[in-house]
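Close look at the chain arrangement
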Amino acid sequence: MKVTIYTKNDCIYCTKAKMLFTNKNISYNEMKLNEDFSRENLLELFPSAKTFPVIVIDGFNIGGYTELERKLLSEETNNTAKLLNEGF
């Protein structure tokens, strides 16, 4: 899995997203506003981006922190269901 997080300074949701990836042992590449990209560059790449962070997994913009949390929770639920069903 290739993960890129577009962040900005003083963004609590950017920090939360990075912590969530770290806690799940998922490596990511961080791109910082005004260091690695400009707001204009971001909007060219992701015209629908309205907030930070912008999280891209395997080339797909999944959204921000809320969408990331929902996706990881869904994957955990699916993995748990698979494990529980393997016993039958």
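Scroll up a little and you will see the structure.
Okay, so let's go over this structure. Owing to the predicted nature of the structure, the values given are computational and were not obtained by experimental measurement.

**Overview of the pairing of strand β3 (residues 54–57)**
Along any regular strand, the residues point their side chains to alternate faces of the sheet. The side-chain alternation of β3 yields two buried faces, one formed by Val54 and Val56 and the other by Ile55 and Ile57. Bridge analysis of strand β1 (residues 3–7) against β3 gives four bridges, and the strand direction is antiparallel. Residue pairing across strands places threonine 4 opposite valine 56, the latter belonging to β3. One ladder, built from three bridges, connects β3 with strand β4 (residues 60–63); its direction is antiparallel. Bridge pairing in β4 links isoleucine 55 to glycine 63.

**Quick notes on the side chain of threonine 7**
By the element assignment, threonine 7 lies in strand β1. A relative accessible area of 2% places threonine 7 in the buried class. If we skip the residues at most four places from it in the chain, threonine 7 touches Cys14, Glu30, Met31, Lys32, Leu33, Phe37 and Phe52.

**A look at the pattern of salt bridges**
Inspection of the entire model under this criterion finds one salt bridge. In this structure, lysine 18 and glutamate 30 form a salt bridge, with 3.0 Å as the shortest nitrogen-oxygen distance. With lysine 18 in helix α1 (residues 12–23) and glutamate 30 in strand β2 (residues 29–32), this residue pair connects regions lying twelve residues apart in the sequence.

**Here we look at the environment of leucine 42**
With respect to the element layout, leucine 42 can be found in helix α2 (residues 39–45). Under the relative-accessibility criterion, leucine 42 is labelled buried at 4%. Along the primary structure leucine 42 and valine 54 are separated by twelve residues, whereas in three dimensions their C-alpha atoms are 8.9 Å apart. Once residues lying within four places of it in the same chain are set aside, the contact partners of leucine 42 are Tyr6, Phe37, Phe52 and Val54.

What counts, and at which threshold
- Along each chain, residues carry numbers from 1 onward, in the same order as the chain's sequence is written.
- For a predicted model such as this one, the threshold for reporting local features is a pLDDT of at least 70, and the threshold for listing and counting side-chain atom pairs is 80 or more; totals across whole chains, interfaces and linings nevertheless cover every residue.
- Values shown for side chains rest on all heavy atoms present in the structure; no hydrogens or waters enter the calculation.
- Relative accessibility under 20% of the residue-type maximum defines a buried residue, over 50% an exposed one, and the middle range a partly exposed one, all with a 1.4 Å probe and only protein chains included.
- Secondary structure follows DSSP: runs of H or I at least 4 residues long count as helices, runs of E at least 2 residues long count as strands, and numbering of each begins at the N terminus.
- For two strands to pair, DSSP has to find at least two bridges joining them.
- Here, residues are in contact when the closest pair of their heavy atoms is within 4.5 Å.
- Salt-bridge detection follows one rule: a side-chain nitrogen of Lys or Arg within 4 Å of a carboxyl oxygen of Asp or Glu.

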